[in-house]
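Take a look at the letters that make up each chain.
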Amino acid sequence: AFEGTALLDLEGASTLSVEGRGTLAEADIFPRAPMRAEWRDGRMEASLNVALADGVVQASWTERGRALNGTAQIEDAPLAPLAAIWGERATGRIDGRISLTNSGGGLSGDADVRLDDARVSGRQRNTLDMHIVGNLTPRRLTSTVDATSEGGLVAHFEADAPVETS
């Protein structure tokens, strides 16, 4: 449930600003600054800075034609409300950053995300600690995943593959 106000201004640049408070998967959620989106001259920009229980999710997105730039920073947030967005149940915490950009030469980006005491309902018996690091260039994807669980899992995965992005 979320209660708040939204202001849509269609004069000149179209802008949307949202403020409010609510809960998602029993976690308090509220914007630390108004959530904003703006559309003007074929360009779209959006940003959010949301408190998620005792964690924070910040994201921004800019798009103009095929040029885009997006970032997300998650600071020690609970997994449950994020999983609820996709209709899943989860426990544990997430922390990290993700970026994606395309200025006409293909997609590029990187990620550094850590899951602590994570469990997605019905998919695993024990909680999992996982660290995911990835890098995307228009021609190559590299990643490293390290994971451990209470049940004794110790895993290390590395990937380095050619890709074609557009």
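Predicted model, so just to flag it, every value in this text is computed and none were measured. Throughout, a residue's number is its position along its own chain's written sequence, starting from 1. In keeping with the model being predicted, local features are shown solely for residues with a pLDDT of at least 70 and side-chain atom pairs are shown and tallied solely at 80 or more, while totals for entire chains, interfaces and linings include all residues. Derived side-chain values reflect all non-hydrogen atoms in the structure, with water molecules and hydrogen atoms excluded from consideration.

*Asks:* Provide a residue-level description of unusual backbone geometry, including the pertinent values.
*Replies:* Where the residue is not glycine, phi is negative for most of them; where a peptide bond is considered, it is trans in most cases. If you check the backbone angles, A25 has positive phi at about 50° while not being a glycine. The helix count covers DSSP runs of H or I at least four residues long, the strand count covers runs of E at least two residues long, and both are numbered beginning at the N terminus. By the element assignment, A25 lies in the loop between strand 2 (14-24) and strand 3 (27-40). A 1.4 Å probe rolled over the protein chains alone gives each residue an accessible area, and that area as a share of the maximum for its type sets the label: buried under 20%, exposed over 50%, partly exposed in between. Residue A25 is classed as partly exposed on the basis of its relative accessible area, which comes to 39%. Even without being a glycine, D41 presents a positive backbone phi close to 50°. Within the secondary structure layout, D41 lies in the loop between strand 3 and strand 4 (43-52).

*Asks:* Which residues make up the side chain of N102, and what values go with them?
*Replies:* As for its placement among the helices and strands, N102 is situated in strand 7 (residues 90-102). Residue class for N102 comes out buried when judged on its relative accessible area of 4%. Counting of polar contacts relies on pairs of N or O atoms within 3.5 Å, with two restrictions inside protein: one atom must be capable of donating a hydrogen and the other of accepting it, and residues adjacent in sequence are counted only when both atoms are side-chain atoms. At a separation of 3.5 Å, a polar atom in the side chain of N102 contacts the main-chain amide nitrogen of G106. The residues touching N102, leaving out its near neighbours within four places in the chain, are R66, A67, L68, L107 and S166. Here, two residues are considered to be in contact whenever any of their heavy atoms come within 4.5 Å of each other.

*Asks:* An account of the packing of aromatic side chains is requested, with residue identities and associated values reported.
*Replies:* Paired rings are identified among Phe, Tyr and Trp, the last through its six-membered ring, by centres lying within 6.5 Å, and are further divided according to the angle between planes into stacked (under 30 degrees), edge-to-face (over 60) and tilted (the rest). Counted under the stated rule, the structure contains 0 aromatic pairs. Over the aromatic face of F30 sits the side chain of R21, whose NZ or CZ is 4.2 Å from the ring centroid. Charge-over-ring placement is defined geometrically: NZ (Lys) or CZ (Arg) within 6 Å of the ring centre, and within 35 degrees of the ring normal.

*Asks:* Summarise the pattern of salt bridges; cite the residues concerned and give the values.
*Replies:* Should a side-chain nitrogen of Lys or Arg be within 4 Å of a carboxyl oxygen of Asp or Glu, the pair is scored as a salt bridge. Evaluated as defined, the whole model comprises 6 salt bridges. A salt bridge links R140 to D160; its shortest N-O distance comes to 2.4 Å. You can see R140 sitting in strand 10 (residues 140-149) and its partner D160 sitting in strand 11 (residues 154-162), a full 20 residues away along the chain. Taken together, the shared-partner salt bridges in this structure form one network comprising D54, D76 and R93.

*Asks:* Explain the nonpolar core to me, using residue names and the numbers behind them.
*Replies:* Counting 18 residues, the largest nonpolar core has L52, I74, A77, L79, I94, L115 and M130 as its most contacted members. At the level of elements, strand 4, strand 6 (67-78), helix 1 (79-85), strand 7, strand 8 (107-120), strand 9 (128-136) and strand 10 are the ones that each hand at least two residues to this core. Those residues in contact with L115, other than ones at most four positions away along the chain, are L79, R93, I94, L128, D129 and M130. We call a set of buried Ala, Val, Leu, Ile, Met, Phe, Trp, Tyr and Cys residues a nonpolar core when their side-chain atoms join them within 4.5 Å.

*Asks:* With reference to specific residues and values, describe the pairing of strand 4.
*Replies:* By definition, two strands form a pair when at least two bridges between them are found by DSSP. Of the strand pairs in this sheet, strand 3 and strand 4 are connected by 9 bridges, and their pairing is antiparallel. Note that in strand 4 the partner of R36 across the bridge is S47. Counted between consecutive antiparallel strands, the loop separating strand 3 from strand 4 contains 2 residues, among which D41 sits at a positive phi close to 50°. In this structure, strand 4 lies alongside strand 5 (residues 55-64), joined through 10 bridges in antiparallel fashion. From the neighbouring strand, A46 faces strand 5, where its bridge partner is W61. Counting the residues in the hairpin turn of strand 4 and strand 5 gives 2 residues, including A53, whose phi is positive at 55°.

*Asks:* Tell me what's going on with the sheet that holds strand 1 (residues 2-9), and back it up with residues and numbers.
*Replies:* Read across the sheet, 11 strands follow the order 1-2-3-4-5-6-7-8-9-10-11 without closing on themselves; strand pairing throughout is antiparallel. A single partner strand is all that each edge strand has here, and the edge strands are strand 1 and strand 11. With direction set aside, neighbouring strand axes in the sheet form an average angle of 5°. The sheet contact formed by strand 5 and strand 6 spans 9 bridges and is antiparallel. Note that in strand 6 the partner of S60 across the bridge is T71. Interaxial angles span 0 to 180 degrees and are taken between N-to-C directions of axes, which are lines fitted to C-alpha atoms, for helices over the stretch in contact.

*Asks:* Could you give an account of the side chain of T165, with specific residues and numbers?
*Replies:* Here T165 lies in the segment after strand 11. You can call T165 buried: its relative accessible area is 16%. Apart from the residues within four sequence positions on either side, T165 is in contact with G106, L107, L136, T137 and P138.

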